Amino acid sequence: MGIATITTITHTMDTAMIRTDETGTDETGTHRLPATSASLLVCRGCCCGTNKHPDVDHDAQVETLRVAVAEHPRTRLYTTDCLGPCERSNVVVVRSGRTKRWFGGLLGVHSTEALAEWASEGAVGDVPAELEPFEFTPEAHG
Ligand code: FES
């Protein structure tokens, strides 16, 4: 399964490489932002973000996540076409380095706000307890 075409970029950041240790301090002793960064891939394909879930304000969900991502200089948000596991719509993938965490069934305000809070903190490290029920491992498609 390939990642679908990214259709929208709502936040970009200088990607210059600065070597730092795990505290974000470089060789000159200057504290810099950590090198890690996360991307939120918000599915807006055939099922996610559509009338399949008529009681959900899908635009508000994207806006909530967009605002949260903008609070952290190393996170980005993209909307994508279908990511594959439509039965779990709405799907968001949080990609950090080589790690991809899949979240599905993000249809409620509370789950969106939990993801937004995590995103505003960089969306790295442990998944917040509020989001754990929504995390899943996608089946291989082929
Ligand atoms: S439309 Fe979102 S996974 Fe298919």
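Each value, and the rule that gives it
- Residues numbered from 1 in each chain as written.
- Predicted model: local features only at pLDDT ≥ 70, side-chain atom pairs only at ≥ 80, totals over all residues.
- Helix = DSSP H or I, 4+ residues; strand = E, 2+ residues; numbered from the N terminus.
- Buried ≥ 20, exposed ≤ 12 C-beta atoms within 10 Å, placed from the backbone.
- Pairing = 2+ DSSP bridges.
- Core = buried A, V, L, I, M, F, W, Y, C linked by C-beta atoms within 7 Å.
- Contact = placed C-beta atoms within 7 Å.
- Expected span 1.5 Å × (residues − 1).
- Arc of directions from axis to C-beta.

A. Representation of the overall build of the protein chain in the model. Counting secondary structure elements, the protein chain contains two helices and six strands. The N-to-C order of helical and strand elements in the protein chain reads β-β-α-β-β-β-α-β. Here the protein chain holds 142 residues, and 28% of them are scored as buried.

B. Geometry of the pairing of strand 4 (residues 92-96). Where strand 2 (residues 38-43) meets strand 4, five bridges bridge the pair, whose relative direction is antiparallel. Bridge pairing links L40 to V94 in strand 4. Sheet topology places strand 4 next to strand 5 (residues 99-103); five bridges connect them, and they run antiparallel. Within strand 5, the residue paired with V94 across the bridge is R101. In sequence, strand 4 turns back onto strand 5 through a hairpin of two residues, with G97 there showing a positive phi of about 60°.

C. Quick peek at the nonpolar core. Among the nonpolar cores identified, the biggest contains 27 residues, and L40, L41, V42, L65, V92, L115 and A119 are the most heavily contacted of them. Elements with a minimum of two residues in this core: strand 2, helix 1 (58-70), strand 3 (75-80), strand 4 and helix 2 (109-120). Setting aside chain neighbours within four positions, we find L40 in contact with L65, V69, T75, L77, V92, V94, A119 and A123.

D. Seen up close, helix 1. For helix 1, with 13 residues, the first-to-last C-alpha span of 18 Å sits near the 18 Å given by 1.5 Å per residue. Q61, V62, L65, A68 and V69 are the residues of helix 1 that are buried. Here the buried residues of helix 1 occupy an arc of 130° about the axis, which is enough to place them on one side. Facing away from the buried side of helix 1, by more than 90 degrees, are the exposed residues D59 and A60. Where helix 1 is buried, its residues touch strand 2, strand 3 and helix 2.

E. Expanded view of helix 2. In this model helix 2 runs 16 Å from its N-terminal to its C-terminal C-alpha over twelve residues, within 8% of the 16 Å that 1.5 Å per residue would give. Those residues of helix 2 lying buried are S111, T112, A114, L115, A116, W118 and A119.

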